[in-house]
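Next come the chains, spelled out residue by residue.
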Amino acid sequence: LSLSPQEPSLYTVKAIIILDNDGERLFAKYYDDTYPSVKEQRSFEKNIFSKTHRSDSEIALLEGLTVVYKSSIDLYCYVIGSAHQNELMLTAVLNCLFDSLSQMLRYWGVLGGSGALGGHLGVMGGATGGKNVEKRALLDNMEGLFLAVDEIVDGGVILESDPQQVVHRVAVR
């Protein structure tokens, strides 16, 4: 048995998942066929939720995968990579997604519904700089979430880790 190092790869992210506080899927994007069917994906999501929703840590190794996560009010955001993946890179993706959503929802909430993401004030603390994304605001602005995720990761390859750039690119669209 030889332990050779893994070949470096740009394909670092296996999935990005957002669950509500009951463990139900709000958003999931899988970038490979680790979990090819929706049934397997849902089972995996229930498993990571049950292992992480009462935990204060930010990283877990589960089913041979590295899972970094963050919770906010009534949401759980997960970025999943392989077991040998650098946790700091996955955490950079997670923080970029979280901060981008926070800024976008706060910005469009302050505008009172004008712009592409319209509507509900999506950050607790409003214009005062809170950083807690909440479920209702996210559901009201799903198109912004889809655009942000596509700006951050494409096909499992990390494209951007600066939330300011992501917010700018989403606003341009």
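Residues numbered from 1 in each chain as written. Predicted model: local features only at pLDDT ≥ 70, side-chain atom pairs only at ≥ 80, totals over all residues. Heavy atoms only, no water.

An unreviewed UniProt entry lists the protein chain under the name Coatomer subunit zeta, with Sapayoa aenigma as the source organism. If you open the UniProt record of the protein chain and go to Sequence similarities (unreviewed entry), you find "Belongs to the adaptor complexes small subunit family." Under Subunit (unreviewed entry), UniProt gives the following word-for-word description of the protein chain: "Oligomeric complex that consists of at least the alpha, beta, beta', gamma, delta, epsilon and zeta subunits." (UniProt positions renumbered as here; feature names shortened; annotations may be inferred.)

1. So, unusual backbone geometry
If you check the backbone angles, Glu 63 has positive phi at about 55 degrees while not being a glycine. By the secondary structure assignment, Glu 63 is in the loop between β3 (59–62) and β4 (65–72). Assessed through its relative accessible area of 43%, Glu 63 is described here as partly exposed. (Helix = DSSP H or I, 4+ residues; strand = E, 2+ residues; numbered from the N terminus. Buried < 20%, exposed > 50% of the residue type's maximum accessible area, 1.4 Å probe, protein only.)

2. Here's the deal with helix α5 (residues 163–172)
Of all the positions in α5, only Pro 163, Val 166, Val 167 and Val 170 are classed as buried. In a view along the axis of α5, the buried residues occupy a sector of 95 degrees, so they form one face of it. Those residues of α5 that are exposed and aimed more than 90 degrees away from the buried face are His 168 and Val 172. Looking at where α5 begins, the residue whose side-chain oxygen comes 3.1 Å from the main-chain nitrogen of Gln 164 is Asp 162. (Arc of directions from axis to C-beta. Polar contact = N/O pair within 3.5 Å; in protein donor to acceptor, adjacent residues only side chain to side chain.)

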